[in-house]
Amino acid sequence: MKALTYHGAKNVKVENVPDPGLANDDDIILKVTATAICGSDLHIYRGKIPGMEHGDILGHEFMGIVEEAGPDVTNLRKGDRVVIPFVIACGQCYYCNKKLFAGCESTNPQTGTMDGRGAIMNKKSSTSGAGLFGYSHLYGGYAGGQAEYVRVPKANVGPIRVPDALADEQVLFLSDILPTGYQAAVNAQLGPGSSVAIFGAGPVGLMAALSARFLGADKIFMVDHHAYRLDFARDTYGVIPINFDDDDDPAETILRATGNHGVDACIDAVGFEAKGSALETALATLKLEGSSGKALRQCIAATRRGGVISVPGVYAGFIHGFLFGDAFEKGLIFKMGQTHAQLYMPELLEHIGNGRMKPEVIVTHRLNLADAVRGYEIFNDKEEDCRKVVLTPSSRPIRASALAPSLPGGRLRAISLTRTTRTMPS
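The notes below deal with the structure included here.

Parameters and conventions
- Residues numbered from 1 in each chain as written.
- Predicted model: local features only at pLDDT ≥ 70, side-chain atom pairs only at ≥ 80, totals over all residues.
- Heavy atoms only, no water.
- Helix = DSSP H or I, 4+ residues; strand = E, 2+ residues; numbered from the N terminus.
- Areas by Shrake-Rupley, 256 points an atom, 1.4 Å probe, with all protein chains shown as cover.
- Axes fitted to C-alpha atoms, helices over the stretch in contact; angles between N-to-C directions.
- Parallel < 35°, antiparallel > 145°, perpendicular 65-115°, else oblique.
- Contact = heavy atoms within 4.5 Å.
- Nonpolar A, V, L, I, M, F, W, Y, C, P; charged D, E, K, R; others polar.
- Buried < 20%, exposed > 50% of the residue type's maximum accessible area, 1.4 Å probe, protein only.
- Salt bridge = Lys/Arg side-chain N within 4 Å of Asp/Glu carboxyl O.
- Core = buried A, V, L, I, M, F, W, Y, C linked by side-chain atoms within 4.5 Å.
- Phe/Tyr/Trp six-rings, centres within 6.5 Å; stacked < 30°, edge-to-face > 60°.
- Lys NZ or Arg CZ within 6 Å of the ring centre and 35° of its normal.
- Pairing = 2+ DSSP bridges.

## Here we look at the overall build of the protein
Within the protein, the secondary structure is distributed over 11 helices and 17 strands. Of the roughly 17800 Å² of accessible surface on the protein, a fraction of 50% belongs to carbon and sulfur atoms.

What follows is the structure, encoded as structure tokens:
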């Protein structure tokens, strides 16, 4: 089969690799119909993620048709159309029973040189977090979905069937960025009348803006330095754009606009590759700094006392300029971490089916899998006003059925929203 493989920083290739096969009785083999390039994939592309090996297949946002199912797969059969969450969870361990699926102890084996540690530095004897598709051997070394076929383990937990009335692009982002943006907004405790500042107008930041507006936020600031992304967010989600190329202290601007109190919450959708100071850049180059702290410092400054800082952006290692004392002085709450995608997917699918969420509007580029290398270049270099790239292994992506019955306002009728996860204890 064809797949997009890693061979070093800014060196990815579409090449022939062996077809995947069933390894466990609860696996499925998925024929991929659509996959996307995620901002987190760019961390790998730029050579920033350790634990990558030559030939690793990338991609953790994908969906498709079940091609084969193991004998212990109870909820799916050949021909089912499903979206796959990027987090691989067993559904039965200590953390899965708490519905903290990204903390699953069973899917990132504590063997080999990476020892299932993820990005944690001071692991001691704590158990591993969940494995992830296409995201280095720190997270299990699972092959990703930027391929014609992919093996999906733990297929009774997570994959969600989607109705034929919805096109691939409408539901594809259930795999990662939509639940990630939604969890960020939920963690920020947003509701009717609340205010929020979102740092980063990439795909996750845009999904956070969608979710913030959906949850009733009244005032949304968005900070980025790409004018085309800010313009889109303003026109689509009604954000107040702040371009930090023109405003070198967005937090001060946000404070002045809120009576010097700050917003109820900030969402850091940038992560460890935030554009930091010259000193931080030098320290990171020398491996003396794990991440830039600039976005977090801005979040701390822009949030009101007693407010929340929600961090969906990926961080790794240590940060010298964290200003923990400022956070203590202001009594801030921090909520962060990988997304518990399985928790939110059924709810979000229903919102998409009812027309209340339209995540597909962020897509700007549609390419064949054979052109994936160019897709990475366009997305990484912010060429052609690129917001999101969708790849299809064939030239015919699945579209919504023209015969789908509908109600006024575009709502879909009689859609089955069956979740394929086992029932979890409350």
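## Structural notes on the packing of helix α3 (residues 177-187) against helix α10 (residues 341-353)
Packing of α3 against α10 leaves a shortest axis separation of 9 Å and a crossing angle of 100°. The angle between α3 and α10 places the two elements in the roughly perpendicular class. Facing α3, whose interface residues are Leu-178, Pro-179, Tyr-182, Gln-183 and Val-186, α10 presents Ala-341, Tyr-344, Glu-347, Leu-348 and Ile-352. Residues belonging to the contact of α3 with α10 are distributed by class as follows: eight nonpolar, one polar and one charged.

## Re unusual backbone geometry
Phi is positive for Asn-260, close to 65°, though the residue is something other than glycine. With respect to the element layout, Asn-260 can be found in the loop between α6 (250-257) and β13 (263-268). The class for Asn-260 is exposed, based on a relative accessible area of 58%. For Asp-385, which is not a glycine, the phi torsion comes out positive at approximately 50°. Relative to the helices and strands, Asp-385 is located in the loop between α11 (372-381) and β17 (389-392).

## Description of the pattern of salt bridges
Inspection of every chain in the model, using the stated rule, returns 15 salt bridges. In this structure, Lys-388 engages Glu-61 in a salt bridge whose closest nitrogen and oxygen atoms are separated by 2.6 Å. Here Lys-388, found in the loop between α11 and β17, pairs with Glu-61, found in strand β4 (residues 61-69); they are 327 residues apart in sequence, far enough to count as distant. On the basis of relative accessibility, which here comes to 0%, the residue Lys-388 falls in the buried class.

## Digging into the environment of Glu-148
Position of Glu-148 relative to the elements: it lies in the loop between β7 (131-132) and β8 (149-152). Through-space distance from the C-alpha of Glu-148 to that of Val-32 is 5.3 Å; in sequence the pair is 116 residues apart. The residues touching Glu-148, leaving out its near neighbours within four places in the chain, are Met-1, Lys-2, Leu-30, Lys-31, Val-32, Leu-369 and Pro-393.

## Observations concerning the nonpolar core
In this structure, Val-171, Phe-173, Leu-174, Leu-178, Val-196, Met-222 and Tyr-237 are the most contacted members of the largest nonpolar core, which totals 86 residues. In this view, Leu-174 contacts Val-83, Pro-179, Met-345, Leu-348, Leu-349 and Ile-352; residues no more than four positions away in its chain are not counted. In terms of nonpolar packing, the next biggest core, distinct from the first, is built from 19 residues, Ala-197, Phe-221, Ala-251 and Cys-299 among them.

## Things to note about the packing of aromatic side chains
Counting across every chain of the model gives nine aromatic pairs. What links up through ring pairs into an aromatic cluster is the set Phe-62, Phe-133 and Tyr-142. The cationic tip of Arg-387 hangs over the ring face of Phe-232; the distance from NZ or CZ to the ring centre is 3.7 Å.

## What to know about the pairing of strand β2 (residues 12-16)
Bridge analysis of strand β1 (residues 2-6) against β2 gives five bridges, and the strand direction is antiparallel. Bridge pairing in β2 places Ala-3 opposite Glu-15. Here β1 folds back onto β2, and the loop between the two strands holds five residues, one of which, Gly-8, carries a positive phi near 125°.

## A word on the sheet that holds β13
Strand order in this open sheet of six strands is β12-β11-β10-β13-β14-β15, and the pairing throughout is parallel. Edge positions in the sheet fall to β12 (240-243) and β15 (333-336), since each has one partner strand and no second. The mean angle between the axes of side-by-side strands here comes to 20°, regardless of whether they run parallel or antiparallel. Examined bridge by bridge, strand β14 (residues 303-311) and β15 share four bridges and lie parallel to one another. Counterpart to Ser-310 in the pairing with β15 is Lys-335. Across the face of the sheet, helix α4 (residues 203-214) comes into contact with β10 (195-199), β11 (219-224) and β13 while running at roughly 175° to β11. Along the sheet, helix α5 (residues 227-237) contacts β11 and β12; its crossing angle with β11, the most-contacted strand, is approximately 165°.

## So, α3
When you tally the buried positions in α3, you get 10 out of 11 residues, the bulk of the element. Within α3, burial applies to Ile-177, Leu-178, Pro-179, Thr-180, Gly-181, Tyr-182, Gln-183, Ala-184, Ala-185 and Asn-187. Of the surrounding secondary structure, the elements contacted by the buried residues of α3 are β4, α4, β13, β14, β15 and α10.

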